[in-house]
Amino acid sequence: MAVTERQTVRWAEDGEDRSARWRSESGARPPKQVAPADDRTRADAAYRLACEGTALLWRGDYVGARQLLTALTRRVDRPSRGRAQGGEDPAAAFHRHRARQAQRARILGMLLVPVEAANGRWTVPLRRAPDVDGACRGAYGPPDAAETVLISLRELLGLIGAHEWHRKGVPVPALGGARVHPCYGVFSPVRGEYVDLVAEAPLPPRAEELAWDVGTGSGVLAAVLARRGVRHVVATDQDPRALACARENLDRLVPGGAARGVVEVVEADLFPAGSPRAAAAPSLVVCNPPWLPAKPTSAVERAVYDPGSGMLRAFLEGLPGRLGEDGGEGWLILSDLAELIGLRTRDDLLGWIGAAGLRVAGRLDTRPVHRRATAPDPDDPLHAARSAEVTTLWRLTHA
């Protein structure tokens with residue numbers, strides 16, 4: 001949810017009034033109070049100012065900024081402030097956890113660094129600063145003018161980390177270990193269980209002719225379908241970053257796919273339209289929607305949080321009118337974490353399926369193996385729910 005309008009930060013420094021453009025990919029508003037800081041700034045003083053709403057514009061050594069952020073993080077994450085409350089129900093624990101995370105992000109986002117756009121490159125004008133041009137291009141694109149922008153150091157580190165994910169890629173066992181390269185703001189397929197389900201489920205009759213991957217993200221599920229022998233795959237998304245990311249990955253993972261018409265990535269809100277193949281009724285429609293009904297706070301969180309289960313319900317309601325009548329299936333891949341937390345019930349899900357004119361023809365279940373689900377963490381109020389989580393591929397057909 002990047003803020004697209006130009007916003008300005010103003011502050012006083014060295015007896016002068018100054019200003020710079022503000023950028024925040026999480027949609028954070030520009031700080032109203034800004035104080036310059038450097039290597040002489042003590043962590044306790046910085047923490048007090050950040051808690052009070054004053055941002056710190058770093059003027060010292062870049063490594064010193066990293067060290068101050070670490071010190072601020074230790075203060076924010078003091079154990080007594082983060083533990084779950086005894087007897088608290090899972091839904092209340094979830095909402096308290098989200099509120100706490102928002103407060104944490106606000107405080108840690110108060111440490112700012114300047115980023116300069118000059119001579120076609122992004123740079124950080126601080127001693128010992130790393131090369132950030134590639135990371136900033138991945139999120140912002142190439143600079144279109146000479147200017148200085150202010151961003152939080154925490155966001156900059158996120159850009160750098162995302163750039164490394166994109167450069168190195170994520171190995172996907174269901175693709176024979178081939179790597180998917182997620183772009184900034186696009187969900188990375190590090191939770192491979194949902195990909196494995198799509199690789200293992202039996203294809204319905206005539207699915208080899210045409211399949212849709214709704215909300216493709218990185219394009220990993222479309223690649224799995226193409227490698228399983230589906231001759232035509234239409235992959236949709238409405239996020240420009242996801243569309244570019246999917247095209248890049250699919251060009252790599254399905255050699256000659258675009259040239260031979262195997263894969264087509266189209267911009268659409270859920271179901272495709274305007275494509276010659278989109279006019280045909282597919283025998284298979286795959287969707288892995290966000291699994292938690294809550295508000296996202298950043299671009300990448302849109303793959304996890306779905307306010308009011310809006311995308312899930314829209315997919316179910318629109319599926320019968322797009323799905324082939326003769327044995328066609330919609331594959332809904334969904335975690336039950338929302339049910340375990342108490343944000344949605346199984347009866348809600350089954351009721352929406354039935355109300356859409358669909359029935360459950362079968363299901364495949366698997367358990368996640370990521371660390372947050374398997375490693376005990378007394379400070380995680382959702383660990384009990386995560387450890388019991390099941391991801392299901394629901395095979396849906398016309399009722």
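Calculation notes
Residues numbered from 1 in each chain as written. Predicted model: local features only at pLDDT ≥ 70, side-chain atom pairs only at ≥ 80, totals over all residues. Heavy atoms only, no water. Helix = DSSP H or I, 4+ residues; strand = E, 2+ residues; numbered from the N terminus. Rg over C-alpha atoms; globule rule 2.2 N^0.38 Å. Buried < 20%, exposed > 50% of the residue type's maximum accessible area, 1.4 Å probe, protein only. Contact = heavy atoms within 4.5 Å. Areas by Shrake-Rupley, 256 points an atom, 1.4 Å probe, with all protein chains shown as cover. Lys, Arg positive; Asp, Glu negative; His and termini not counted. Charge placed at Lys NZ, Arg CZ, Asp CG, Glu CD. 1 Å grid on protein atoms, 1.4 Å probe; cavity = no way out; pocket = protein on both sides within 12 Å on 5 of 7 lines; lining within 4 Å. Points joined across faces, edges and corners; volume = space filled by probe spheres on them. Nonpolar A, V, L, I, M, F, W, Y, C, P; charged D, E, K, R; others polar. Core = buried A, V, L, I, M, F, W, Y, C linked by side-chain atoms within 4.5 Å. Salt bridge = Lys/Arg side-chain N within 4 Å of Asp/Glu carboxyl O. Phe/Tyr/Trp six-rings, centres within 6.5 Å; stacked < 30°, edge-to-face > 60°. Lys NZ or Arg CZ within 6 Å of the ring centre and 35° of its normal. Pairing = 2+ DSSP bridges. Axes fitted to C-alpha atoms, helices over the stretch in contact; angles between N-to-C directions.

**Re the overall build of the chain**
Here is step 1 of the chain: When you go through the chain residue by residue, the secondary structure sums to 14 helices and 16 strands.
Here is step 2 of the chain: For 399 residues, the compact-globule estimate of 2.2 N^0.38 gives 21 Å, and the chain sits close to it at 23 Å.
Here is step 3 of the chain: Taking the principal axes of the C-alpha coordinates as reference, the chain spans close to 75 × 55 × 35 Å.
Here is step 4 of the chain: Going through the 399 residues of the chain one by one, you find that 51% of them count as buried.
Here is step 5 of the chain: Here the contacts in the chain between residues at least 6 apart in sequence split such that 67% fall between residues at least 24 apart.
Here is step 6 of the chain: With an accessible surface of roughly 18200 Å², the chain has 49% of that area assigned to carbon and sulfur atoms.
Here is step 7 of the chain: Once the 53 positive and 49 negative side-chain charges of the chain are each reduced to a mean point, those two points are 4 Å apart.

**Observations concerning empty space enclosed by the protein**
Here is step 1 of the chain: Counted by the stated rule, this structure contains three cavities of 30 Å³ or more.
Here is step 2 of the chain: Of the pockets and cavities examined, the largest cavity occupies roughly 80 Å³.
Here is step 3 of the chain: Lining of the largest cavity is provided by Phe187, Arg191, Glu193, Tyr194, Asn288, Pro289, Trp291, Ile333, Leu334, Ser335 and Thr391.
Here is step 4 of the chain: Elements represented by at least two residues in the lining of the largest cavity include exactly α7 (193-200) and β14 (329-335).
Here is step 5 of the chain: The element best represented in the lining of the largest cavity is β14, accounting for three residues.
Here is step 6 of the chain: Partitioning the lining of the largest cavity into residue classes produces six nonpolar, three polar and two charged.

**Some remarks on the nonpolar core**
Here is step 1 of the chain: Counting 45 residues, the largest nonpolar core has Trp58, Cys136, Leu150, Leu153, Leu156 and Leu159 as the members making the most contacts within it.
Here is step 2 of the chain: Element by element, the count of residues in this core is highest for helix α2 (residues 62-76), at seven residues.
Here is step 3 of the chain: Ignoring sequence-local partners within four residues, the contact set of Leu156 consists of Tyr62, Val113, Val124, Val132, Cys136 and Ile151.

**Section: the pattern of salt bridges**
Here is step 1 of the chain: One pass over the structure, following the stated rule, counts 26 salt bridges.
Here is step 2 of the chain: For the salt bridge of Arg127 with Asp61, the shortest nitrogen-to-oxygen distance reads 3.9 Å. A residue pair is termed long-range when its members are at least 10 positions apart, and Arg127 in the loop between β6 (121-123) and α5 (133-140) and Asp61 in the loop between β4 (54-58) and α2 qualify at 66 residues.
Here is step 3 of the chain: Its relative accessible area of 8% is what places Asp61 among the buried residues.
Here is step 4 of the chain: One salt bridge in this structure joins Glu339 and Arg346, with 3.0 Å as the shortest N-O distance.
Here is step 5 of the chain: Shared partners join several salt bridges into a network, and the residues in it are Glu13, Asp14, Glu16, Arg18 and Arg59.

**As for the packing of aromatic side chains**
Here is step 1 of the chain: Inspection of every chain in the model, using the stated rule, returns four aromatic pairs.
Here is step 2 of the chain: Ring centres 6.1 Å apart and planes at 80° place the aromatic pair Phe187 and Trp291 in the edge-to-face group. Placement of the pair is Phe187 in the loop between β9 (179-180) and α7 and Trp291 in the loop between β13 (284-287) and α10 (310-318), with a sequence separation of 104 residues.
Here is step 3 of the chain: By relative accessible area, which is 22% here, Phe187 ends up partly exposed.
Here is step 4 of the chain: Among the residues examined, Trp291 registers a relative accessible area of 10% and is labelled buried.
Here is step 5 of the chain: Through a chain of ring-to-ring contacts, three or more aromatic side chains come together here, namely Trp212, Phe271 and Phe315.
Here is step 6 of the chain: For the cation-ring pair, Arg191 lies above Trp291, with the distance from its terminal atom to the ring centre recorded as 5.0 Å.
Here is step 7 of the chain: Positioned above the aromatic ring of Trp394 is the side chain of Arg363, whose terminal nitrogen or guanidinium carbon lies 4.6 Å from the ring centre.

**Here's the deal with the environment of Lys168**
Here is step 1 of the chain: Within the secondary structure, Lys168 is located in helix α6 (residues 153-168).
Here is step 2 of the chain: Residues Lys168 and Thr73, 95 residues apart in the sequence, show an inter-C-alpha distance of 27 Å.
Here is step 3 of the chain: Once residues within four sequence positions are removed from consideration, Lys168 is found in contact with Arg179 and His181.

**Some words on the sheet that holds β14**
Here is step 1 of the chain: The sheet built from seven strands is open, its strands ordered β12-β11-β10-β13-β14-β16-β15 with mixed pairing. Strands with a single pairing partner mark the edges of an open sheet, and in this sheet they are β12 (263-267) and β15 (358-366). Across the sheet, the mean angle from the axis of one strand to that of its neighbour is 20°, orientation sign disregarded.
Here is step 2 of the chain: The sheet contact formed by strand β10 (residues 211-214) and strand β11 (residues 233-237) spans four bridges and is parallel. The residue of β11 that forms the bridge with Ala211 is Val233.
Here is step 3 of the chain: Packed onto the sheet, α7 meets β13, β14, β15 and β16 (391-398) and runs at close to 40° relative to β16.
Here is step 4 of the chain: Of the strands in this sheet, β10, β13, β14, β15 and β16 are in contact with α10, which crosses β14 at around 165°.

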